[in-house]
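Examining the three-dimensional arrangement
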Amino acid sequence: MELLREEPHGTTKAFYLSSAVWMVFGTLAGFTGAVQLIAPELLGNIPWIVFGRIRPIHTNAVIFGFVGSALIGSAHYLVPTLVRTPLYSERLGKITVWLWNLAVVLGTLTLSLGFSQNREYAEWIWPVDVIVMASLGLGFYNLLQTVKRREEEILYVSVWYIFGAFVFTAFIYFFGNAMWNPFTGSITGIPDGILAWFYGHGVVGLFLTPFAVAIAYYIIPITCRAPLYSHSLSLLGFWSLLMIYTHIGTHHILQAPTPTWLKVIAITGSIAMLVPVAAVLINLWLTMRGRIPYILGDTGGKFVLAGTVWYLLTCIQGPLQALPVVQRITHFNNWVVAHAHMGVLGFSGIIALGGIYFILPRITGRPLHSKFLADMQYWLVLLGMSGFFTVLTAAGLIQGHGWLNGETVYRMLPEIHPYMVLRLSVGILIVSGAFIGLYNIYMSLYGFKTGRKAS
Ligand code: HEM
Ligand code: HEM
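Residues numbered from 1 in each chain as written. Chains lettered and ligands numbered in written order. Predicted model: local features only at pLDDT ≥ 70, side-chain atom pairs only at ≥ 80, totals over all residues. Heavy atoms only, no water.

A short note on helix 6 (residues 189-223)
Each α-helix winds once per 3.6 residues, and so residues spaced three or four apart point in a common direction. With 35 residues, helix 6 extends 50 Å from end C-alpha to end C-alpha; this agrees with the ideal 51 Å at 1.5 Å per step. When the local axis directions of helix 6 are compared, the greatest deviation, roughly 45 degrees, occurs at G202. Helix 6 sits mainly inside the fold: 28 of its 35 residues count as buried. Just beyond helix 6, the residue with positive phi is R225, at close to 55 degrees. (Helix = DSSP H or I, 4+ residues; strand = E, 2+ residues; numbered from the N terminus. Expected span 1.5 Å × (residues − 1). Bend = angle between axes of the 7 residues up to and from the residue. Buried < 20%, exposed > 50% of the residue type's maximum accessible area, 1.4 Å probe, protein only.)

What follows is the structure, given as structure tokens:
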């Protein structure tokens, strides 16, 4: 069947194209939400895209559709390459891609029709959850079979992170979505809040983070032509991520009546997160010491380097904003939205794009369709992201201080209006970057001219 046609690296190619399409769709959905935050009546309250629906449509499309597809696609290239064995089954890989896309499409449609589990990042309803689990399971099986047949004895750290990511994600997805309760996707009371945020932070810390770190660990040493600084440090980063990240989700609900001991674990664990983060960043940056020009000379490497800088910023901010004294100002406002975009777009999204641009020429055997367009997307996304960070952080601080001084929510809305307009404006940069990326990735995959050789 054409849809399941087997070709070398077909799975990775299909995941990359999906990612590019979902980036366009997801950023347009975010753009629609941003319009509504400025002019709530402008779109005439069309039911399918009212803010309460377009927001989760946006977040799930970008997390699972854009970033998720690119990361899993790269995993299907990295594991076979690192163990020097072809992917066990490209056909199984294609089924994985189709199921993943089916989940994002069905999740989007059902959300727009008003079907939601109403828990952040776990909004998709049960049948969609089942498809996500099936896709993850197939991806895991396919890569495991590849590793079982491997030519290479040593498992490089990226392989550890990729398998970790599959196992952690399946675990948090099943429990976080309370999949044994198909009709609600939840349990009851405060335990449900705890479970929901065990999942919510797990999605970024145990799904996006390990996949993105795996890609950075692969691309940085190659682009700067130096061996990884320390394998021990990479293992410290892996195990400490698993040990610490898993139980700090309650830092999202410090204002709720969750048990104090759990809040203490969440806050101290958030500070301890500096260990896995520092282990990764020190390791990568010492690998690049004195060799940054090499990385900047490579399109994919450049994205990955920028992603590591955003990782640092996100993870300096994260432990700080887990402190109750800081959250008095930063919680419940646009400060957190800035942090969310820094982590999901600035860190994992930009590294996901870096993975695509680094790996594409290697799987097509040709150079990118346009290095210029890739560079342009790099700058558009980077400028847009920096603008988001500045504008949303400022808006958040204004809101937070207003509320601390006893102002009501509605009296703060006119104060942040100009910032919402600015957010929409810089958002256009990111949306444009998404369109350029889709064109460039599509053309790199299918629009090649004959006679051009891979660089
Ligand atoms: C691929 C790039 C993007 C990613 C990965 C991304 C990710 C996210 C995430 C994770 C959230 C949840 C924030 C939270 O709950 O704290 C969010 C919310 C949001 N994003 Fe994006 N986003 C992207 C691009 C955009 C663009 C281009 C716009 C439009 C200008 C946009 C507008 C919004 C809006 C309006 C919200 C809701 C904020 C609120 O509830 O106040 N996003 N996005
Ligand atoms: C050292 C690591 C990190 C720590 C300690 C941390 C801490 C936090 C805290 C305390 C919040 C809740 C803020 C509030 O509601 O007041 C939060 C929100 C968030 N974080 Fe992080 N963070 C870290 C890294 C990351 C990374 C790497 C990502 C993305 C890959 C990320 C994505 C998010 C998102 C999307 C939210 C918004 C959740 C929501 O919708 O409310 N964080 N983080």
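Concerning the coordination of the iron atom of ligand 1
Here the iron atom of ligand 1 is held by H58 (NE2) and H341 (NE2), and the distances to it run 2.0 to 2.1 Å. For the iron atom of ligand 1, the six donor atoms are set out with angles of 84 to 179 degrees between them, so the coordination reads as octahedral. With H58 in helix 2 (residues 51-82) and H341 in helix 13 (residues 334-364), the pair connects residues that are 283 residues apart, well separated along the chain. H341 matches H58 in its accessibility class, with the two residues each being buried. (Donors = N, O, S within 2.8 Å, 3.2 Å for Na, K, Ca; no water. Tetrahedral: all angles 85-135°; square planar, octahedral: opposite > 155°, others 65-115°.)

A word on the packing of helix 1 (residues 10-38) against helix 15 (residues 409-446)
At a closest axis distance of 9 Å, the pairing of helix 1 and helix 15 adopts a crossing angle of 160 degrees. By the angle class used here, helix 1 and helix 15 are roughly antiparallel. Once helix 1 is placed against helix 15, the crossing between them reads as left-handed. The residue makeup of the contact of helix 1 with helix 15, split by class, is 25 nonpolar, two polar and two charged. (Axes fitted to C-alpha atoms, helices over the stretch in contact; angles between N-to-C directions. Parallel < 35°, antiparallel > 145°, perpendicular 65-115°, else oblique. Left-handed = near helix turned anticlockwise from the far one by under 90°. Nonpolar A, V, L, I, M, F, W, Y, C, P; charged D, E, K, R; others polar.)

Topic: the nonpolar core
Where a protein is soluble and globular, its nonpolar side chains tend to be buried together. Of all hydrophobic cores here, the largest spans 123 residues; its most connected members are I63, F64, Y161, I162, F207, F211 and Y217. Counting residues per element, this core draws most heavily on helix 6, at 17 residues. In this structure I162 touches A75, L78, V79, L143, F211 and A214, once residues within four positions along its chain are discounted. (Core = buried A, V, L, I, M, F, W, Y, C linked by side-chain atoms within 4.5 Å. Contact = heavy atoms within 4.5 Å.)

Some words on the pattern of salt bridges
Considering all chains together, one arrives at nine salt bridges under this definition. Among the salt bridges present, the one from K371 reaches D375, with a minimum N-O distance of 3.7 Å. In this pair, K371 and D375 are both assigned in helix 14 (residues 371-404), four residues apart and thus about one turn of the helix distant. You can call K371 partly exposed: its relative accessible area is 43%. On the accessibility criterion, D375 (18% relative accessible area) is buried. Bridged by salt links that share partners, the residues E7, K13 and K94 form one connected network. (Salt bridge = Lys/Arg side-chain N within 4 Å of Asp/Glu carboxyl O.)

What about the site of ligand 2?
Taken together, 26 residues form the shell around ligand 2, and within it E120, Y121, H201, H331 and H339 come nearest. Here Y121 contributes a side-chain N or O atom positioned 2.9 Å from an oxygen atom of ligand 2. One of the side-chain N or O atoms of Q327 is found 3.5 Å from an oxygen atom in ligand 2. Partitioning the shell around ligand 2 into residue classes produces 13 nonpolar, twelve polar and one charged. (Near = heavy atom within 4 Å. Polar contact = N/O pair within 3.5 Å; in protein donor to acceptor, adjacent residues only side chain to side chain.)

Thoughts on a nonpolar patch on the surface
Taken together, L155, W160, L235, W239 and M243 make up a surface patch of nonpolar side chains, about 470 Å² in accessible area. Take L155: it is sitting in the loop between helix 4 (126-148) and helix 5 (157-176). With relative accessibility at 32%, the residue L155 sits in the partly exposed group. (Patch = residues over 30% accessible without salt bridge, like charges linked within 9 Å, V, L, I, M, F, W, Y side chains within 5 Å. Areas by Shrake-Rupley, 256 points an atom, 1.4 Å probe, with all protein chains shown as cover.)

Describing the coordination of the iron atom of ligand 2
Exactly one protein atom donates to the iron atom of ligand 2; that atom is H339 (NE2), 2.2 Å from the metal. By the element assignment, H339 lies in helix 13.

Concerning the environment of W48
Locating W48 in the fold gives a position in the loop between helix 1 and helix 2. Expressed as a C-alpha distance, the spacing of W48 and G114, which sit 66 residues apart in the sequence, is 7.4 Å. Excluding residues within four positions of it along the chain, W48 makes contact with R53, I57, S112 and L113.

Let's talk about the packing of aromatic side chains
Across all of its chains, the model carries 31 aromatic pairs by this definition. Between F64 and F207, the aromatic rings sit 5.8 Å apart at their centres with planes inclined by 20 degrees, giving stacked as the arrangement. Taken together, the positions of F64 in helix 2 and F207 in helix 6 put the pair 143 residues apart, joining distant regions of the chain. Since its relative accessible area comes to 2%, F64 is described here as buried. With relative accessibility at 1%, the residue F207 sits in the buried group. (Phe/Tyr/Trp six-rings, centres within 6.5 Å; stacked < 30°, edge-to-face > 60°.)

Some points on the environment of A14
Within the secondary structure layout, A14 lies in helix 1. The spatial distance from the C-alpha of A14 to the C-alpha of L43 is 34 Å, given a sequence separation of 29 residues. If we skip the residues at most four places from it in the chain, A14 touches K94 and V97.

Some details on the site of ligand 1
Of all residues adjacent to ligand 1, which total 25 residues, the nearest are G30, R55, H58, E120 and H341. Between E120 and ligand 1, the recorded distance is 2.8 Å, taken from a side-chain N or O atom to an oxygen atom. Within the side chain of H341, a nitrogen or oxygen atom sits 2.7 Å from a nitrogen atom of ligand 1. Going through the elements one at a time, helix 1, helix 2, helix 13 and helix 15 are the ones with two or more residues in the shell around ligand 1. In the shell around ligand 1, the residues fall into 15 nonpolar, seven polar and three charged.

Fair warning: the whole summary comes from geometry, so function is off the table for now.
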